[in-house]
Amino acid sequence: MPEYAVVTEKLRRSFGDVVAVDGIDLLVDAGEIYGFLGPNGAGKSTAVRMLTTLLMPTSGTAFVAGHDVVREPVEVRLRIGAALQDAALDPKQTGLELLRLQGRLYGLSGRDTAMRIGELESLIEIGDAIKRQVGTYSGGMKRRLDLAASLMHNPEVLFLDEPTTGLDPISRSRVWDEVRRINRELGVTIFLTTQYLEEADALAERIGIITHGKLAAEGTPAALKRQLGSDVIVARVDGDAQQAKRAVENIEAVEAVDAYEEEVSIRVANGAGYISAVALALNEASIRVRDLTLRTPTLDDVFLHVTGGRLQQDEAVDEEAER
Amino acid sequence: MRAARDTAQGTQPRSAVKARRAGFIRDVISLGGRALRSIPRDPESIIPALVVPMFFFAVNVGALQDVAERMPGLDYKAFQLPVAILFAVTGVTRANVLVLDIQGGYFDRLALTPVNRYAMLLGFMVADLVLVMALSIPVIALGLIVGVRFETGLLGIIAFLGIAGIWALAYNGLPYAVALKTGNPAAVNSSFLLFLPVTFLTTVFVPEEALTGWMSQVVKFNPVTYLLQGMRSLVSEGWVVEDLLAAFAGIGSVALLSVPLAMWSLLGRVRRR
């Protein structure tokens, strides 16, 4: 197995005048879980489609499992598995038929296919439903079957494109457990895209934040948060957050201030020691404060810092999944 | 950057199973098998193909037999049997499944495998061939039951079936091209409109010599005219090489358009541009 599972250099893809992925450099270690975090339309899926040989890059290079995605697409396909958005399965086949077909297309013998199905059944817990047509499955079952189909040929690198979008919280948690198990027990490198901060934080060893097709920041979740200092004071104000930002940014020990809509995030080394100073400064500037909280930095703060916007879509998507 | 990790840190050893290319033939068989399995699970797409030809056979014979058989030497049931087969096989296609694969993302899942790209279309066409053969058998049986006799015997029936199958594949290139090019189920359904001129602007009701006016000219340019002529010769006349060659030429002229179109659309879909 090569040292790096994914290597890209200046990887770029445009559709006419629209640049979806704009010169991304990536190094993903073999055996790690790498999270590609970004909002809808940031370029995550386009990047994954290039890395999985479904789409040609406009320019730049990409090597996956040691092979060039442009020049050696078949070699790449033999070594990767992918579960793309929305569990792409044939509803008219049974789970078992779908997995057998998957095995045949990867050149597995009947015995190897049966063995892999046996191994994967215990891994993803589909149970007797494997003999039913996929059209009768719940969203969570489809996701787990999709995962199993992606793993039939024992890939070195597994791409998961928003594996929990649209799932209820329980199904999401099960998928997380399965992703961890696949990585831990089978040693599969996992390249995960997500728009959920919580998911990236919980699963990924390293995270790349992508926005407008560019890699805005990269590192372990802890390191990314650490970059912001030890504490964050968040003030939700009535009115102009920019005015609030100006009021607090000159306070001693304040490292940085980000303003977004009606919220100001103030990063300080010792939040408890300065929260009163922040309150006082806002009061002196006649800014009405609705609430003032002190917490450690989250990935959302990192996201705000590097992109200038929030990535708070989890709740909305959860509500949508529940409907 | 960290070095590659020891993947044996977990509790389960990495499986020894290793992927490889299955090969073109196995890919076609695998995908053909999948397309065939989908047929009985999709009965609404087969029932019309079974009912329509029998309906037309019964109506055409019932309405026109007496009038048509005033022409000397014309056995109208034998004349109508190839028409019934034409209706049974023309446009019977799994292109609707292909387009749903594209829309639902399963086409991409297949494209992620090392499967031969041509097999992604040929698998469907293998299933089409099996299906049209299966649909033709009850129609031929109906013909035999009502008294149609093949001058060419059992071998002629097999040739008759074979020509019908090849025709179906040649024609089906068109709906597959539409499916692959557009990825749109409505566009695939609209391709049914091709069926009307192809199957009706020909010698569908009476022989060519009985046609008059513009119709007598138009049928000369419809490849189906020659297809029907070849199939009718197997039923009523025997092994007439000239008629069979004309039938193959008719099929070939359609295939010359449909096959490159389908392949061009397939490659366009998988080219990754």
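The structure under discussion appears in the preceding block.
The text that follows walks through the structure, step by step, so that each part is easy to find. Given the structure is predicted, the values throughout are model-derived calculations rather than measurements.

## Considering the sheet that holds strand β10 (residues 214–219) of chain A
Residue and element names in this part refer to chain A.
Then step 1. If you walk across this open sheet you meet the six strands as β6-β7-β8-β3-β9-β10, and the pairing is mixed. The open sheet has two free edges, formed respectively by β6 (80–83) and β10, since each of these has just one partner strand. On average, each strand axis in the sheet is inclined to that of its neighbour by 15°, with strand direction left out of account.
Then step 2. Pairing of strand β9 (residues 206–211) with β10, which is carried by five bridges, proceeds in the antiparallel orientation.

## Quick look at the packing of helix α3 (residues 95–105) of chain A against helix α1 (residues 24–38) of chain B
Then step 1. Following both chains from N to C, one finds α3 of chain A and α1 of chain B inclined at 165°, their axes separated by 9 Å at the closest point. Of the possible angle classes, the one that applies to α3 of chain A and α1 of chain B is roughly antiparallel. For the pair α3 of chain A and α1 of chain B, the sense of crossing is left-handed. Every residue of α1 of chain B that contacts α3 of chain A at E97, L101, R104 and L105 of chain A is listed here: R26, D27, S30, R34 and R37 of chain B.
Then step 2. By residue class, the composition of the contact of α3 of chain A with α1 of chain B is two nonpolar, one polar and six charged.

## A word on the interface of chain A and chain B
Then step 1. The partner chain B presents 38 residues to the 39 residues of chain A that form the contact.
Then step 2. Elements that contribute at least two residues to the side of chain A that touches chain B include exactly β2 (18–29), α2 (73–79), α3, α4 (110–124) and α6 (169–186) of chain A.
Then step 3. If one sorts the elements of the side of chain A that touches chain B by residue count, α3 of chain A sits on top with four residues.
Then step 4. Among the residues making up the side of chain A that touches chain B, the classes are represented as 18 nonpolar, eight polar and 13 charged.

## Quick notes on the nonpolar core
Among soluble globular proteins, nonpolar side chains are generally buried collectively.
Then step 1. If you look at the biggest cluster of nonpolar residues, it comprises 171 residues, and the most contacted ones within it are L51, V64, F191 and A244 of chain A together with V89 of chain B.
Then step 2. Ranked by residue count, the leading element in this core is helix α7 (residues 153–182) of chain B, at 14 residues.
Then step 3. Taken domain by domain, the makeup of this core includes at least three residues from each of domain 1 (4–220) and domain 2 (229–296) of chain A.
Then step 4. Apart from the residues within four sequence positions on either side, F191 of chain A is in contact with V6, V28, Y34, F36, L51, V157 and F159 of chain A.

Analysis parameters
Residues numbered from 1 in each chain as written. Chains lettered and ligands numbered in written order. Predicted model: local features only at pLDDT ≥ 70, side-chain atom pairs only at ≥ 80, totals over all residues. Pairing = 2+ DSSP bridges. Helix = DSSP H or I, 4+ residues; strand = E, 2+ residues; numbered from the N terminus. Axes fitted to C-alpha atoms, helices over the stretch in contact; angles between N-to-C directions. Parallel < 35°, antiparallel > 145°, perpendicular 65-115°, else oblique. Left-handed = near helix turned anticlockwise from the far one by under 90°. Contact = placed C-beta atoms within 7 Å. Nonpolar A, V, L, I, M, F, W, Y, C, P; charged D, E, K, R; others polar. Core = buried A, V, L, I, M, F, W, Y, C linked by C-beta atoms within 7 Å. Buried ≥ 20, exposed ≤ 12 C-beta atoms within 10 Å, placed from the backbone. Domains from an automatic or database assignment.

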